[in-house]
Amino acid sequence: MKHITIFFFCFFSTLIGFGQSNISKDLLYQQFIEELLSADNEDQSSLLEEIEYLYHHPLDINNATNDELSQLFFLDSYQIASILLYRQEQGGFVSPFEFIAIDGLTTSEAKYLSLFTCIGDIKESPTKPSLKYIKHEIVSSTSATLEKQKGYQKPYDEGGFKGNHWKKYLRWTARSGKDMEVGTTMETDPGEPFFKSPNKAGFDYYSFHAIYSPRRTLQTIVVGDYICRTGLGLSLWSGYGIRKSASLTSVTMPQLGLAPYRSSRENHFLRGIGTQFKWKEFQLVSFFSSRKADALLNIRGDSIISIQSSGYHRTSNELDRKNNIVETIYGTSLLWSHNRWRAQLNVNQKQYSKAILPGSRPYQRYNFSAKTNSNISTTLFWVDNGINVSTETAISSSSGIATLQKVILSPAILARFSIIHRYYQRNYHSNMGSSFTENNLKNEHGLYIGTELLPCSHWKINAYFDSWKCPWLNYNNISPSNGKDYLVQFSFSPSGKHQCYLRIKEKTEDHNGTASTGVKKEYQTTKTSMRLNHLWQVNPYLSIQNRMEQVTYHTEITPKEKGWLLFAQLNWSPQSQKLKLNYRFSWFKTASYNTRVYSYENDLLYALSTPSMFGQGIRSYLNCAWNISSSLALRGKLAYTYYSHQQSIGSGLTLIDAPHKTELKLQARIKF
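The following refers to the structure shown. (Residues numbered from 1 in each chain as written. Predicted model: local features only at pLDDT ≥ 70, side-chain atom pairs only at ≥ 80, totals over all residues. Heavy atoms only, no water.)

## What to know about unusual backbone geometry
Step number 1: S197 connects to P198 through a cis peptide bond whose omega is 5°.
Step number 2: Within the element layout of this structure, P198 appears in the loop between strand 5 (180-188) and strand 6 (205-212).
Step number 3: In the Ramachandran plot, R215 falls in the positive-phi region, its phi being about 60° despite a non-glycine side chain.
Step number 4: With respect to the helices and strands, R215 occurs in the loop between strand 6 and strand 7 (218-229).
Step number 5: Of note in this structure, N339 is not a glycine but carries a positive phi near 50°.
Step number 6: Secondary-structure assignment places N339 in the loop between strand 13 (325-338) and strand 14 (341-352). (Helix = DSSP H or I, 4+ residues; strand = E, 2+ residues; numbered from the N terminus.)

## Looking at helix 2 (residues 25-36)
Step number 1: Taking 1.5 Å as the rise per residue, helix 2 with 12 residues should run 16 Å; its terminal C-alpha atoms sit 17 Å apart, in good agreement.
Step number 2: With 9 of 12 residues buried, helix 2 is to be regarded as a mostly interior element. (Expected span 1.5 Å × (residues − 1). Buried < 20%, exposed > 50% of the residue type's maximum accessible area, 1.4 Å probe, protein only.)

## Quick word on the pairing of strand 13
Step number 1: Pairing of strand 10 (residues 282-293) with strand 13 involves 12 bridges; the strand directions are antiparallel. By the bridge assignment for strand 13, A293 is matched with I325.
Step number 2: Here strand 13 runs beside strand 14; their pairing, made up of 12 bridges, is antiparallel. Bridged to S333 within strand 14 is N346. (Pairing = 2+ DSSP bridges.)

## Quick word on the packing of helix 2 against helix 6 (residues 107-115)
Step number 1: At a minimum axis distance of 10 Å, the contact between helix 2 and helix 6 shows a crossing angle of 115°. Once helix 2 is placed against helix 6, the crossing between them reads as left-handed. Residues K25, L28, Y29, F32 and E35 of helix 2 touch helix 6, and the partners they reach there are K111, Y112, S114 and L115.
Step number 2: A breakdown of the residues in the contact of helix 2 with helix 6 according to their chemical character gives 5 nonpolar, 1 polar and 3 charged. (Axes fitted to C-alpha atoms, helices over the stretch in contact; angles between N-to-C directions. Left-handed = near helix turned anticlockwise from the far one by under 90°. Contact = heavy atoms within 4.5 Å. Nonpolar A, V, L, I, M, F, W, Y, C, P; charged D, E, K, R; others polar.)

## Considering the environment of N582
Step number 1: Mapped onto the elements, N582 comes out in strand 27 (residues 579-590).
Step number 2: Sequence spacing of N582 and K280 is 302 residues, and the spatial spacing of their C-alpha atoms is 51 Å.
Step number 3: Setting aside its immediate chain neighbours within four residues, N582 contacts Q569, L570, N571, N602, Y621, L622 and N623.
Step number 4: Of note is the side chain of N582, whose polar atom sits 2.8 Å from the side chain of N571. (Polar contact = N/O pair within 3.5 Å; in protein donor to acceptor, adjacent residues only side chain to side chain.)

## Some words on the packing of aromatic side chains
Step number 1: For the structure shown, the criterion picks out 22 aromatic pairs.
Step number 2: On the basis of an interplanar angle of 65° and a centroid distance of 5.4 Å, the ring pair of F32 and F116 is categorised as edge-to-face. Pair noted here: F32 is in helix 2 and F116 is in the loop between helix 6 and strand 2 (117-118), with a separation of 84 residues, a long-range link.
Step number 3: A residue is classified by how much of its surface remains accessible, and F116, at 2% relative accessible area, is buried.
Step number 4: Note on Y363 and Y475: the rings are 5.7 Å apart at their centroids and 85° apart in plane angle, and the pair reads as edge-to-face. Note that Y363 is positioned in the loop between strand 15 (355-356) and strand 16 (372-384) and Y475 in the loop between strand 21 (459-470) and strand 22 (481-495), a separation of 112 residues in sequence.
Step number 5: Owing to a relative accessible area of 16%, Y363 belongs among the buried residues under this scheme.
Step number 6: An aromatic cluster is built from Y29, F32, Y55, Y112 and F116, whose rings are joined through pairwise contacts.
Step number 7: The ring of Y312 has R314 lying over it, and the distance from NZ or CZ to the ring centre is 4.2 Å.
Step number 8: For the cation-ring pair, R596 lies above Y593, with the distance from its terminal atom to the ring centre recorded as 4.0 Å. (Phe/Tyr/Trp six-rings, centres within 6.5 Å; stacked < 30°, edge-to-face > 60°. Lys NZ or Arg CZ within 6 Å of the ring centre and 35° of its normal.)

## Some thoughts on the environment of D302
Step number 1: For D302, the position within the fold is in the loop between strand 11 (295-297) and strand 12 (303-307).
Step number 2: Separated by 51 residues in sequence, D302 and S353 place their C-alpha atoms 9.2 Å apart.
Step number 3: In contact with D302, not counting residues within four places along its chain, are K354 and A355.
Step number 4: Within polar-contact distance, the side chain of D302 engages the side chain of N298 at 2.9 Å.
Step number 5: Of the polar contacts made by the side chain of D302, one reaches the side chain of R300; its length is 3.3 Å.

## Here's the deal with the nonpolar core
When a protein is soluble and globular, its nonpolar side chains tend to lie buried together.
Step number 1: Formed by 31 residues in total, the largest nonpolar core has its most connected members in F32, L72, F74, L113 and F116.
Step number 2: Sorting the residues of this core by element identifies helix 2, helix 3 (45-56), helix 5 (77-90) and helix 6 as the ones contributing at least two each.
Step number 3: For this core, the element with the most residues is helix 2, which contributes 5 residues.
Step number 4: The next biggest cluster of nonpolar side chains, apart from the first, holds 19 residues, and it includes L232, L248, Y428 and Y464. (Core = buried A, V, L, I, M, F, W, Y, C linked by side-chain atoms within 4.5 Å.)

## Here's the deal with the sheet that holds strand 15
Step number 1: Strand order in the open sheet made by the 3 strands is 11-12-15, with mixed pairing throughout. The open sheet terminates on both sides in strands that have one partner only, identified here as strand 11 and strand 15.
Step number 2: As paired strands, strand 11 and strand 12 are joined by 3 bridges and run antiparallel to one another. In the sheet register, L296 faces strand 12, and the bridge partner there is S306.

## Section: the pattern of salt bridges
Step number 1: In total, this model carries 28 salt bridges according to the counting rule given.
Step number 2: Linking E327 and R291 is a salt bridge whose minimum nitrogen-to-oxygen distance equals 3.7 Å. Separated by 36 residues along the polypeptide, E327 in strand 13 and R291 in strand 10 bring together distant segments of the chain.
Step number 3: According to the relative accessible area criterion, E327 is buried, its value standing at 6%. (Salt bridge = Lys/Arg side-chain N within 4 Å of Asp/Glu carboxyl O.)

Spelled out as structure tokens, the structure:
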């Protein structure tokens, strides 16, 4: 109790001394990321890489084209048109403060726009690609858990890891003008062999892309690894898609079409060639992809039991499953645009080199089990002043149907609303979709309503409510089930120095047994979290962030469990901006894994860190970024976690026979 009293005193003592300085751009970006990452249990590394690339390569808003502005996923087509119209009428932008005057942009969206854009001189035409002016960027990093895990102590032929405990990452990108880019990404995860069989060439994962966008009849051609986005994501979508979060920007879709794939995530991308043509009001995207993928095969090796997506190749079992099937996807998308209307027809097919075996359990009855699947979908978009309506309906080879309807209303600059309805049949199979869903793109009906309000000066309210049902079984249920969740966040900014928010989130789900065992137990689970966060920009060089979060979890058949997290963070950067330091100290205590608490952390460039904390202990980290010159930057992070009521961490091959865990990360970036 004494420690909590001290923390509360430190927390509220920072509320004095309001001034006139503004929250720094880096802290605004951190808040933006935290709002988007409110879905706790999802792999969002590729999402962060995409956003961070845009943050470190801002668009020149005085010369950006419609297609380039479409990369900013929080903008819809009406808002982009308003930006271009304002630029034309005013002769260009001279300050980010003008963004709030753009028709259709809320205060939050104007702030977000300032994160991903810069203001340059007006030019008659965009810079054209030239081999004479090529900008290179090389990012190299390594990281490791310093305590040896069990997998490194166990011999490889007895099931241990083949490689050492260091992760290696290398990324090179070369850009000429705005329309030409070549790049490669290489990675070896901890435990994977490096310059050892079967990775005698070095890294475990290699990715390459080359893209050219002349923006004429031929809009884009990309070779190597790339992503393709069509419709609302029911059939084919890679990267960032619609999702729930504290921010309404998460339900706006980014640009359609082709883009290079720069992530180190080893799945959910295309490898081959793609083209995008434009003629008058029509755009045609065609693509072909063929790449190897990981899978668990049957004893004979002629059928697939399951597709593996972890990307780990450390043990003999994981290496046996590496690249043992071929996944081929090809298709086309035709888009017609006219004034406020857009219509799209999407056709694609996926083929595996081996057939997927049907599952034997009841909930697997409607799972995909074949070698080939086709998707056909139609999409319609309509945008008017303050109204954005879109819908997509897709059908798969199994005759399963999925449909999604989305409406975003902005009746005034102080209010915005969104409504999303989804209906995914149990036998619908998406080839590479990523859209709004609680579980998967099948066996789900639901309705989402969200809002962002600015009721008065200094205040903002974000809220959503989502309700869904699963008409068929899933892994946790042997009969149909329902669920719902809501989030309410009150944000208060009394001055340019202080920002506070209170977030309440609750999720309730039916559980009536585990379909894998067939044991019937009917009950509901409810998880509630409350977060109070305060950020104080003490001066232009120093800021302090404090947070308190409590999580409760209970069912109808078990006692209530509780967990909490407290942290304090210092962010410091001198006037030169060459050095940036982040230090955080966290204290946590949870009853079990059910009451775990997630927290976003500062990390290396293009790296995501949202560790889950459960049990009882402390965690601290120091993150450092040193911009030595315009050509060289160094980054490093040291994190330490100590558990006070246990003698080991983890399980299986990741077991650490100690109550502490130390993580070290180092990175260098060279630009020339």
